[in-house]
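Coordinate inspection notes
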Amino acid sequence: MAYKITDKCVACGTCAGECPVEAISAGSPIYVIDPDKCVSCGTCAGACPMEAIVAE
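Below: a short report on this structure.

Let us look at the overall build of the chain. If you tally the helices and strands in the chain, you get 2 helices and 4 strands. Relative to the globule expectation of 10 Å for 56 residues, the C-alpha radius of gyration of the chain, 9 Å, shows essentially globular dimensions. Along the three orthogonal principal directions, the C-alpha set of the chain runs to about 25 × 20 × 20 Å. Within the chain, the proportion of its 56 residues that are buried is 29%. Taking the intrachain contacts of the chain between residues at least 6 apart in sequence as the baseline, contacts between residues at least 24 apart amount to 58%. Entry remark: accessible area of the chain is about 3,500 Å², with carbon and sulfur atoms responsible for 50%.

Below, the structure is given as structure tokens:
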């Protein structure tokens, strides 16, 4: 189960720095998670100050 970034994202970049497999990148206007790289660890969701990352 991959995670996804919702429109609550403010593009702060916190999640990208926390992802152990570098599955998160800057998008326009919000960050995006590559579901093929995501290992469903949930680290990004725990790091997001806006609670914008949810399990898909």
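As for its placement among the helices and strands, Ile24 is situated in strand β2 (residues 24–25). Along the primary structure Ile24 and Cys41 are separated by 17 residues, whereas in three dimensions their C-alpha atoms are 13 Å apart. When sequence neighbours within four positions are dropped, the list of residues in contact with Ile24 reads Ile5, Cys15, Ala16, Cys19, Tyr31, Val32, Ile33 and Cys44.

Take the environment of Met50 next. For Met50, the location among the structural elements is in the loop between α2 (43–47) and β4 (53–55). The sequence separation of Met50 and Ile33 amounts to 17 residues, and the corresponding C-alpha distance is 16 Å. With sequence-adjacent residues up to four places away left out, Met50 is seen in contact with Lys8 and Val10.

With that out of the way, let us pick up unusual backbone geometry. In this structure, the amide linkage connecting Ser28 to the following residue, Pro29, adopts the cis form with an omega of 10 degrees. The phi dihedral of Glu51 is positive, around 55 degrees, even though this residue is not glycine. Looking at the secondary structure, you find Glu51 in the loop between α2 and β4.

Our focus in this paragraph is the state of the cysteines. Per the stated rule, a full pass over the model turns up 0 disulfides. Its sulfur unpaired, Cys48 is 6.1 Å from the next cysteine sulfur, which belongs to Cys12. On the accessibility criterion, Cys48 (14% relative accessible area) is buried.

Criteria and cut-off values
Along each chain, numbering runs from 1 in the same order as the chain's sequence is written. Restriction of local features to residues with pLDDT of at least 70 applies here, the model being predicted, together with a cutoff of 80 or more for giving and counting side-chain atom pairs; totals for whole chains, interfaces and linings are based on all residues. Processing note: side-chain calculations cover all non-hydrogen atoms of the structure and skip hydrogens and water entirely. Helix and strand assignments follow DSSP, with helices taken as H or I runs no shorter than four residues and strands as E runs no shorter than two, numbered in order from the N terminus. Between the two quantities, the radius of gyration covers C-alpha atoms and the globule rule is 2.2 Å times the number of residues to the power 0.38. A 1.4 Å probe rolled over the protein chains alone gives each residue an accessible area, and that area as a share of the maximum for its type sets the label: buried under 20%, exposed over 50%, partly exposed in between. Whether two residues touch is decided by their heavy atoms; if any such pair falls within 4.5 Å, the residues are in contact. Each accessible area is a Shrake-Rupley result for a 1.4 Å probe, and residues are judged covered by the shown protein chains and nothing else. When the sulfur atoms of two cysteines come within 2.5 Å, that pair is taken as a disulfide.

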